[in-house]
Amino acid sequence: THTHPHTQMWESWLPQLLARIHDALELLWSIGHRSPHPGDRTVSSVWLTRTLQHRGVLGKMQRVDSVALETVSGGLAAEMHRVTYTWGKNTGSLILKVSKAESRASVARSGHTREAVFYSMHPQLLGSALPRGLPEVLFSSWSTWRGEYVILMADVLADTDVKWVEPKNILGNQFLGVPESLHQLSSQTMPFLQLAFTRAADLHALHWRSQELLHCEWLKATQWYKGQGREQWLRAIGLGRSMWQAAKARFVKDPNTEVHFDPAFVAIVDASYAATSWDKFQAHLHSSTTPFTLCHGDFHAKNMFADLAGERLLLVDWSEVGVWEPTADLAQLLISDVAPAVMCAHSQALVRAYWERLVEKHGVCAAADYPFEQCWAEFCRSGGERWIWLFSVLAGWGLPPVAVQYFHDQTWAFIRTHRMQKAYELKAVVCM
């Protein structure tokens, strides 16, 4: 399926036009004291004072004296800034996540405003079950029609009362490796993985097979469970297919490439795209044996903070939050961040601990209705499905060769040691 060029033009320019009109009107109305917007390089001290007073961080008579903004990271659709502010003789810091001004069209089209929606709606979704599983969010605003969102949250690493650890430094910062100064944390690999799988079970138990969850239309994938969104899903599958062809041209057909793709892996990816269709996807989603629940959707180490002593895990970056098969979250963590030797040696024990907590502690269903064998089989299959599409996009997008080789090796190690199939019917996609 193809989108008409005129439609593509309006999808690109309309959010930009509406946003500029809105920003101009709001600026006039608020006389410079409005909330942060995409593209801003300052934060109003008046607005921050009001926000912190409203949240009880500052008293009624306290005022923010100065605000400084430092960009700490950036992605395809959003930027992260550290907001350092002073009041009296005190200093504090917060994290501001803002969608990029140039990404308004893609944010509007992909639904990435859902993270801001989630932070506003999480009390209804999570209740008191995971009160310590999220960072404190002080402000959350979004506009789907303008293609933008703004989130102000606590700076987790500035919390001196808790010894928070970034799990990426326990497992290794993906293809960049572990800094020498952090090698002593390697003994924490298994305690962290056990904590992550335990907290995943706690999250997934909240809405196990809940039909009410499908009424939250802002959650990713709800439209697919209703048989809607066919064009969007096919467009994403088409993106993966074209990126895979680009990756093969760059790394398989070039004899001088420094990246090696295993021929068996290439054959499986080719066969998987050939085996994928909307009808098969729909049949799987509507099978009575396919579980679904609320999933984080981007469950990897960079989106986590761990307090191993207190057995706490904070999850951030909920831009892919939605309804899905829960085991795909588990596999994503292992493929993204865990060395193949550790992955292969411990994955089954980790999945069993997850299943036992889900079924036996939380009692989401009788063990006979969701036996461990089914949970393990779904873990093996869903991990391969998700990562074949993800790897295709990452490899074709222009990542450095060292990164492409890393993700190839990780994905291939998982597939060949977890009930390898000749082809996977792809399902999970990131809509762009």
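Being a predicted model, the structure only gives us computed values, none of them experimental.

Caption draft 1: The pattern of salt bridges, seen in detail. Counted by the stated rule, this structure contains 20 salt bridges. Among the ionic pairs, R114 bridges to E320, the shortest N-O distance being 4.0 Å. With R114 in helix 4 (residues 114–126) and E320 in the loop between strand 8 (312–315) and strand 9 (322–324), this residue pair connects regions lying 206 residues apart in the sequence. With respect to class, R114 is no different from E320; both count as buried. Among the ionic pairs, E373 bridges to R419, the shortest N-O distance being 2.8 Å. Placement of E373 in helix 13 (residues 372–397) and of R419 in the segment after helix 14 (401–417) is noted, with a sequence separation of 46 residues between them. With a relative accessible area of 43%, R419 lands in the partly exposed category.

Caption draft 2: Structural view of the sheet that holds strand 4 (residues 137–143). Ordered in space as 1-2-3-5-4, the five strands form an open sheet in which the pairing is antiparallel. The two strands at the open ends of the sheet, each matched to only one other strand, are strand 1 (66–74) and strand 4. Each strand of the sheet is rotated relative to its neighbour by a mean of 20°, with strand direction disregarded. Relative to strand 5 (residues 148–154), strand 4 runs antiparallel, the two being bridged by six bridges. Following the sheet pairing, S143 is matched in strand 5 by E148. Lying on the sheet, helix 4 is in contact with strand 3 (90–99), strand 4 and strand 5; it crosses strand 4 at an angle near 135°.

Caption draft 3: Inspection of unusual backbone geometry at higher detail. Of note in this structure, E311 is not a glycine but carries a positive phi near 55°. Its location among the elements puts E311 in the loop between strand 7 (304–307) and strand 8. Here the phi dihedral of R419 falls at roughly 55°; this positive angle occurs in a residue that is not glycine.

Caption draft 4: Structural view of the packing of helix 11 (residues 327–337) against helix 13. One can describe the packing of helix 11 onto helix 13 by two numbers: an axis separation of 8 Å at closest approach and a directional angle of 60°. Accordingly, the angle class assigned to the pair helix 11 and helix 13 is oblique. Handedness of the crossing formed by helix 11 with helix 13: right-handed. Contact residues: T327, A328, D329, L330, A331, Q332, L334, I335 and S336 in helix 11; C375, E378, F379, S382, G383, R386, W387 and L390 in helix 13. Across the contact of helix 11 with helix 13, the residue classes tally to nine nonpolar, five polar and three charged.

Cut-offs applied
Residues numbered from 1 in each chain as written. Predicted model: local features only at pLDDT ≥ 70, side-chain atom pairs only at ≥ 80, totals over all residues. Heavy atoms only, no water. Salt bridge = Lys/Arg side-chain N within 4 Å of Asp/Glu carboxyl O. Helix = DSSP H or I, 4+ residues; strand = E, 2+ residues; numbered from the N terminus. Buried < 20%, exposed > 50% of the residue type's maximum accessible area, 1.4 Å probe, protein only. Pairing = 2+ DSSP bridges. Axes fitted to C-alpha atoms, helices over the stretch in contact; angles between N-to-C directions. Contact = heavy atoms within 4.5 Å. Parallel < 35°, antiparallel > 145°, perpendicular 65-115°, else oblique. Left-handed = near helix turned anticlockwise from the far one by under 90°. Nonpolar A, V, L, I, M, F, W, Y, C, P; charged D, E, K, R; others polar.

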